[in-house]
Amino acid sequence: MTVNGKAVSGSVEPRTLLVHFLREDLLLTGTHVGCESGYCGACTIHLDGVPTKSCMVLAAQADGCDVTTIEGLAKNGDLHPVQEGFWERHGLQCGFCTPGMIMSAAGILAENGSPTEAEIRHGLEGNLCRCTGYHNIVRAVEYAAAKMRGEEPAPPEWETDLV
Amino acid sequence: MYPREFDYVAPASLDEALDALAANPGAKVMSGGMSLLPLMKMRLFSPEMVVDIGRIPGLDDITDQEDHIAIGALVRHHQTATSALVAEHAAALAEAAAYTGDNQVRRRGTTCGSLAHADIAADQPAGALAAGATMVAASKNGKREIAAADFFVDTLTSALEPDEILVGIRIPKTGGGSAYDKLGRRGGHSDYAVAGAAAWVRKSNGTVEDARIALTGVGTKPMLAAGSMEAFIGSDGSAAAIAAAADRATEGVTVLEDLYGSEAYKAHLARVFVARALEQALARA
Amino acid sequence: MSTTTSALGGVIRRKEDPALIRGRGRYVDDIKRTGELAAAFVRSPFANARINSIDVSAATAMAGVHAVYTIDDVRHLGPLIAQVPVGKLRPLLADGAVKHVGEAVAMVVADNRYIAQDAVDAIFVDYEPLEAVVDLKDAASDRVKVHDDLDSNVLLAWVGHEWWADVIAVEDPRPKIEEAKQRDDAVIVELEMVNQRLIPVAIEPRSVVASWNEGYERFEVYSSSQIPHALGGAIAKTFGLASNAVHVRAPEVGGGFGCKLNVYPDEILVCFASMRLHRPVRFTETRRESAVSTIQGRGWVATATLTGTPDGRILGYELRALTDMGAYSQNFTVAIPLLGLWVSAGQYDIPAYFEAKCVVTNTQTTDAYRGAGRPEALYYIERMIDAYAREIGMDPAEVRRKNYWKNDQFPAVNNTGLAIDSGDYETNLDKLLEMADYEGLKRMQAEARAEGRYIGIGLSTYLEICGFGPSVLSEIGFGWNNYGLPSSFSGSGLVRVNPDGSATVIIGTGPSGQGHETTWAQIASSVLGITTDKIRVSHGDTAESPMGVGTFGSRSAAVDGTATYEAAVKVRDKAAEIAAHLMEAAPEDIRFADGGAHVVGTPGRVVTWEEIADVAYRPHRGPDGLDAGLEAHAVFSPGNATWPFGSHIAVVEVDPETGNVEFLRYIGIDDCGNVINPMIVDGQVHGGIAQGVGQALFEEAIYDDAGNLLSGSLIDYPIPTAGDLPSFELGRTVTPTDVNPMGVKGIGEAGTIGSAQTIVNAVVDALAPLGVKHIDMPLRPRKVWQAIQDARG
């Protein structure tokens, strides 16, 4: 398969989950594991461009596919607008759900450049965050959407912005 | 989190897949894997072999077939939810697909996979029942058709034989209108159905000429609400007729209590959503 | 000397984020050790059973399995150490009996996790099931004893006026309350309410990897812990080592919320296995395993009684609670209700009686979960005030206002004998009512009701106690002395300006999302004038920080932040001497800002931190007698806890046909004293509210009568998703504390303490026209619908 633009190969047991192949064999540990039921979404990657929970895919199923993980989202060192949005609008706290959340959000914005708040919230239902209450995650995605449209994002909600 | 060992094959053709199933009685078909993999990871289910049908060409389309539309085995929930064809001929199924899982699940899980899994609280079985879908099952011995009403046998049990693959479903173009509504486990439309109902209605000259009403989350399997259908077909489709049909929602149904609702509550919700689905279906009919 | 404080009170973007948004953050499971092995556990399927035998032979014989351990291998290490060892301590592995579902019975160590799990499946345990006791009232009756060697399932009772009777004398409020009840006009409201069991669900499951080096005689441990120093102490004590022979690091921690404020048997057992096998050994729990292997929270059943006058004056409040400890006592287990006791009367100057019995059951251990005792206590009083207001037909805001501590009463000594540091409750409430447009909401509600819609407005206020804490509380367990570290919960801050002029801040607390790297950089920057990009904050490392208490109880900023502040002041004072020498000025005329030192009134003259550091580390260039180096450590022990407060409003709409609750608005005004970084503070409130919403609407650790946990996976334990919540409308009032020099109180738990009852109050308000008086959480549609049916008869 191709991972973050590079061809990789490896031999795994049939039962090996894609997320474990990424984390244990390729040492791409930015993709996290938060559950086994497929509810938390911390392991979300792009599989052939589609946001996919990598704990819900066998590594063998991804044979020949194009995989992008959080480590491959920034291009030439430039943050993806969603990554920038999460930083600018405090869209993360502990950061554990963040890679999956960012990959999901990037997937949403790739299809819909002007999502409403309700569409953002609905679109992120497959990614659980226990820290932020999602408030600033929504602001982060709105920020990224504006940036991707070439618009100036709405100002932050806090009053005293030093930097 | 760590499945037991199994053999894995990813056939390049349907025939190869059917051969593999025939040769391995302990094999299980996987399409999107959204239902199967969690069970395997929790070691609640451990097939000896997984036959991954994901690489078989020609199964990933929704096509217009004159008197029916055909949904292939690898059509994702998202495709079903957003297809103009499904919206036109089986709006209830489209809504059910839109309410299934979450964004990532809808992009990978398949409509046929959800139907074959036959979860008692899944959305799309109700949509398929209301649409009067026909399931097309293939085995090494050939293809057979199974009416949706005969397809859901029991909890997590469909009419498929171990060596069969649900290669697609057919939805007849029968006019009328349909709708699906539910209460999700987290409230609203989110997550599996605490209870839900799909309805299809065709009216003619102020009379309900034909209707199908299906329940999910209520009994031991997704099923048609025979009492409601009997009450509604031939009625004038008025509010009173809807209420009368809703009243009979759980007639002959063994209502199951679970973490999300008592028997009385689920029976009540069945009535509520039969009414709501019927109202919406009529508005579209 | 004055300081530049420009970095306090303003927002800078988090220093943590660049790594985390790129997927380069290092959580424990991301840190791979050469040659590491994987551990997995056989866990009990029974809540109460004797173990007749354990057959590990098939597992031991499997390829890739290195060892299988049972209690016979580790009994000599003793039970798991608890900081408050009241009750039955947990054996490291089940010792002849299991007392809750999920209790670890045997440990497998194998080449990888898949094989380890295969081996777990191959272990046969012969259990002899016994009757389990789960219901709190049933357990408190001692009909079935959980542990044969305990006198009773009731471990102790916390009583409001007696909690520390030999030190703090408090009048028994009961005679006064009884007298009030006898009044002709007494209005008495009583409700039994459940504050249900919760599973913390930090999204990062717990993970630990340990390696023993017999050459260095040292453990290297990485653990997703909120308390690495305490863990290091526990390991050292267990294996008979000095604390400096155990190096514990808690790198990025993926959420804690109290569930990583504990020492777990697996953390000790991986050390044991590593010592035996001479390989690093890792254990990472799975999500379903986490539900039964990591502590749970809450679990109270209580009867609350409120006595008042018809015009809204509260004359007495009583809370009698049974609180669920689970089967074994771990870190703070039995102390959690005490935290509730301290705030049991909320913001109110009222006679209040509190009693909480700590009861053992055949369930997983409970301990601190975000708020820990305080959400429970505030839930009860704030639900009762609403019920009372409804009973007397008075606006709930006015009832609260009428019973508040008044501004001139602070420091206000409450019903437990503790002094609330500062407060301005009316201003806070007024701001909330204005921001929410309370009168407008009430009009909107009336109009909706006329249309047959059920809209509810829920109001709640809260008082919190946090910032632990005062050294004296170590006498009753608030310290790490049982882990061999006889420290109180003092703060630790070490500030060093490095030879190149950059600064390193080493703290005794570590974030699990709270943004410590950013906040502490701001604290140091505000004192030193070094820009935050040149300050690196190091945390969670027992070899770096001289002492460390950890992150819990909303204590970090107020206690460890203050220690850092004080350490920075010491460094600044020394730097001022050097700068004065270089600029031939008096030290008292030196000011620090913008990366260097200035002489007051002479803005053009600047000595950079690089120049100062050069002198500090080459002392011959400095003033005579200069003590070389530019580093200081401070330990701060506050004289009191801090007492944040706030007021929240929720607006909901209920579908009476299905019982579905829909959020319309959530407004909160919180007061945590001075604010260091408003962005981070608001973020803490957002997340706190979300967890309160989770308790109010969704979450419940449901046990059946046999002690099976029915909601152990995220499928059946739904935590809120983005789609379940509204955007929050937040504001703040600022009432500084004088407990610490920065005037900060703490904000980590406030949102959770304030929110669950706000939502329940809103739902009950929505359904009041139908006669609904109370619904126990979580307000799942089925329960809301049932309450409507019950009210309708």
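Residues numbered from 1 in each chain as written. Chains lettered and ligands numbered in written order. Predicted model: local features only at pLDDT ≥ 70, side-chain atom pairs only at ≥ 80, totals over all residues. Heavy atoms only, no water.

1. Digging into the interface of chain A and chain C
Counting from both sides, the interface comprises 57 residues of chain A and, opposite them, 62 residues of chain C. For the pair chain A and chain C, the summed buried surface comes to about 5000 Å²; carbon and sulfur atoms form 56% of the total. Inspection of the region where chain A meets chain C yields seven salt bridges. Notably, a salt bridge pairs C:D118 with A:R15, separated by 2.7 Å at the nearest N-O pair. Counting every contact that joins chain A to chain C gives 34 residue pairs in polar contact (both at pLDDT 80 or more). Among the elements of the structure, α1 (18–25), α2 (81–88), α3 (98–111), α4 (117–123) and α5 (135–148) of chain A are those that each provide at least two residues to the side of chain A that touches chain C. The leading source of residues in the side of chain A that touches chain C is α2(A), at four residues. Here the residues of the side of chain A that touches chain C are counted per class, giving 25 nonpolar, 18 polar and 14 charged. (Contact = heavy atoms within 4.5 Å. Buried area = accessible area lost by both parts, 1.4 Å probe. Salt bridge = Lys/Arg side-chain N within 4 Å of Asp/Glu carboxyl O. Polar contact = N/O pair within 3.5 Å; in protein donor to acceptor, adjacent residues only side chain to side chain. Helix = DSSP H or I, 4+ residues; strand = E, 2+ residues; numbered from the N terminus. Nonpolar A, V, L, I, M, F, W, Y, C, P; charged D, E, K, R; others polar.)

2. Details of the pattern of salt bridges
Residues and elements named next belong to chain C. Tallied over the entire structure, the rule returns 79 salt bridges over all chains. Among the salt bridges present, the one from D17 reaches R14, with a minimum N-O distance of 2.9 Å. Assigned by exposure class, D17 and R14 land together as buried. With a closest N to O distance of 3.8 Å, K402 and D311 form a salt bridge. With K402 in helix α12 (residues 396–403) and D311 in the loop between β13 (297–308) and β14 (314–326), the pair connects residues that are 91 residues apart, well separated along the chain. Exposure remark for K402: the relative accessible area of 33% places this residue in the partly exposed category. (Buried < 20%, exposed > 50% of the residue type's maximum accessible area, 1.4 Å probe, protein only.)

3. Regarding the interface of chain A and chain B
Taken together, the contact pairs 33 residues of chain A with 29 residues of chain B. Buried area between chain A and chain B, both sides added, is near 2600 Å², and the carbon and sulfur share of it is 55%. Of all residues in chain A, A:R15, A:M56 and A:Q61 give up the largest surface area on contact with chain B, accounting jointly for 26% of the area buried on that side. Across the pair B:D102 and A:K53 runs a salt bridge, and its minimum N-O distance is 2.6 Å. Counting every contact that joins chain A to chain B gives 12 residue pairs in polar contact (both at pLDDT 80 or more). When residues of the side of chain A that touches chain B are assigned to their parent elements, the largest contribution, four residues, is made by strand β4 (residues 50–53) of chain A. Partitioned by chemical class, the residues of the side of chain A that touches chain B number 15 nonpolar, 11 polar and seven charged.

4. Some thoughts on the sheet that holds β4(A)
All names here are of chain A. Across the sheet, which stays open at both edges, the five strands sit in the order β2-β1-β5-β3-β4 with mixed pairing between neighbours. Looking at the sheet topology across the chains shown, the edges are occupied by β2 (6–7) and β4. With two bridges joining them, strand β1 (residues 2–3) and strand β5 (residues 66–68) adopt parallel strand pairing. Residue T2 lies in a different strand from β5, and its bridge partner there is D66. In this fold α3 packs onto β3 (44–47), β4 and β5, with an angle of close to 40° to the strand it touches most, β3. (Pairing = 2+ DSSP bridges. Axes fitted to C-alpha atoms, helices over the stretch in contact; angles between N-to-C directions.)

5. Examining the domain arrangement of chain A
All names here are of chain A. Taken as a whole, chain A is organised into domain 1 (2–71) and domain 2 (81–148). Here the C-alpha centre of domain 2 lies 21 Å away from the C-alpha centre of domain 1. Domain 1 puts 16 residues into the contact, and the matching count from domain 2 is 13 residues. Carbon and sulfur atoms supply 65% of the area that domain 1 and domain 2 bury against each other, a total of about 1100 Å² over both sides. On inspection of domain 1 and its partner domain 2, the count reaches zero salt bridges. Linking domain 1 to domain 2 there are five residue pairs in polar contact (both at pLDDT 80 or more). (Domains from an automatic or database assignment.)

6. A word on the sheet that holds strand β6 (residues 124–129) of chain C
Spatially, three strands are ordered β4-β2-β6 (chain C) in an open sheet, and the strand pairing comes out antiparallel. In this open sheet, the two edge strands, each paired with only one partner strand, are β4 (97–98) and β6 of chain C.

7. Overview of the side chain of C:H598
Mapped onto the secondary structure, C:H598 falls in strand β25 (residues 596–599). In this structure C:H598 touches C:M583, C:D589, C:I590, C:R591, C:A593, C:P603, C:R605 and C:V606, once residues within four positions along its chain are discounted.

8. Here we look at the nonpolar core
Ranked by internal contacts, the top residues of the largest apolar core, which has 230 residues, are A:F86, C:I235, C:Y317, C:W342, C:W480, C:I649 and C:L767. Top element by residues in this core is helix α11 (residues 374–392) of chain C. It accounts for 11 residues. Counting residues in hydrophobic clusters, the runner-up holds 46 residues, among them C:V569, C:A580, C:V615 and C:V744. (Core = buried A, V, L, I, M, F, W, Y, C linked by side-chain atoms within 4.5 Å.)

9. A look at the domain arrangement of chain C
Residues and elements named next belong to chain C. For chain C, the assigned domains read domain 1 (17–24 + 491–636), domain 2 (31–130 + 204–254 + 260–293) and domain 3 (297–468 + 640–792). Its C-alpha centre places domain 1 at a distance of 39 Å from the equivalent point of domain 2. Each partner contributes to the interface: domain 1 provides 16 residues, whereas domain 2 provides 14 residues. When domain 1 packs against domain 2, close to 1200 Å² is buried across both sides, 54% of that on carbon and sulfur atoms. For the domain 1 face of the interface with domain 2, the top three residues by lost area are S512, G540 and T542, together amounting to 39%. Inspection of the domain 1/domain 2 interface yields zero salt bridges. Each residue belonging to the side of domain 1 that touches domain 2 can be placed in one class, and the counts come to six nonpolar, nine polar and one charged.

10. Some words on empty space enclosed by the protein
Residues and elements named next belong to chain C. A full pass over the atoms with the stated rule returns 14 cavities of 30 Å³ or more. By volume, the largest cavity amounts to about 660 Å³. Taken together, 49 residues form the lining of the largest cavity, with Q514, S554, R555, Q684 and G748 sitting closest to its centre. Only α10 (336–342), α15 (516–528), α16 (556–583) and α18 (678–698) provide two or more residues apiece to the lining of the largest cavity. (1 Å grid on protein atoms, 1.4 Å probe; cavity = no way out; pocket = protein on both sides within 12 Å on 5 of 7 lines; lining within 4 Å. Points joined across faces, edges and corners; volume = space filled by probe spheres on them.)

11. Looking at the environment of C:G469
Residues and elements named next belong to chain C. Along the chain, G469 turns up in the loop between β18 (454–463) and β19 (479–480). Assessed through its relative accessible area of 3%, G469 is described here as buried. The residues touching G469, leaving out its near neighbours within four places in the chain, are F489, S490, V559, S637 and P638.

12. A short note on helix α14 (residues 438–450) of chain C
Think of an α-helix as 3.6 residues a turn; residues three or four steps apart then line up on the same face. All names here are of chain C. Helix length check: α14 (13 residues) gives 18 Å between terminal C-alpha atoms against 18 Å at 1.5 Å per residue, within 8%. What α14 keeps buried is the set Y438, G440, L441, Q445 and A448. Viewed along the axis of α14, the buried residues span an arc of 155°, placing them on a single side of the element. Among the exposed residues of α14, those pointing more than 90 degrees away from its buried face are R443, E447 and A450. Along its buried surface, α14 packs onto α12, α13 (425–436), β18, β28 (645–655), β29 (660–671) and α19 (750–767). (Expected span 1.5 Å × (residues − 1). Arc of directions from axis to C-beta.)

13. What to know about the packing of α16(C) against helix α17 (residues 609–617) of chain C
Residues and elements named next belong to chain C. Remark: α16 packs on α17, axes separated minimally by 10 Å, with the N-to-C direction vectors making an angle of 100°. By the angle between their directions, the pair α16 and α17 is classed as roughly perpendicular. Within the contact between the two elements, α16 uses A575, I578, A579 and L582 and α17 uses W609, E611, I612, V615 and A616. A class-by-class count of the residues in the contact of α16 with α17 yields eight nonpolar, no polar and one charged. (Parallel < 35°, antiparallel > 145°, perpendicular 65-115°, else oblique.)

14. Things to note about the packing of aromatic side chains
Residue and element names in this part refer to chain C. Across all of its chains, the model carries 34 aromatic pairs over all chains by this definition. Ring geometry for F219 and F239: centres 5.2 Å apart, planes at 55°, overall tilted. Pair noted here: F219 is in strand β10 (residues 218–223) and F239 is in helix α7 (residues 228–239), with a separation of 20 residues, a long-range link. Take F219 and F239: they sit in the same class, and that class is buried. (Phe/Tyr/Trp six-rings, centres within 6.5 Å; stacked < 30°, edge-to-face > 60°.)

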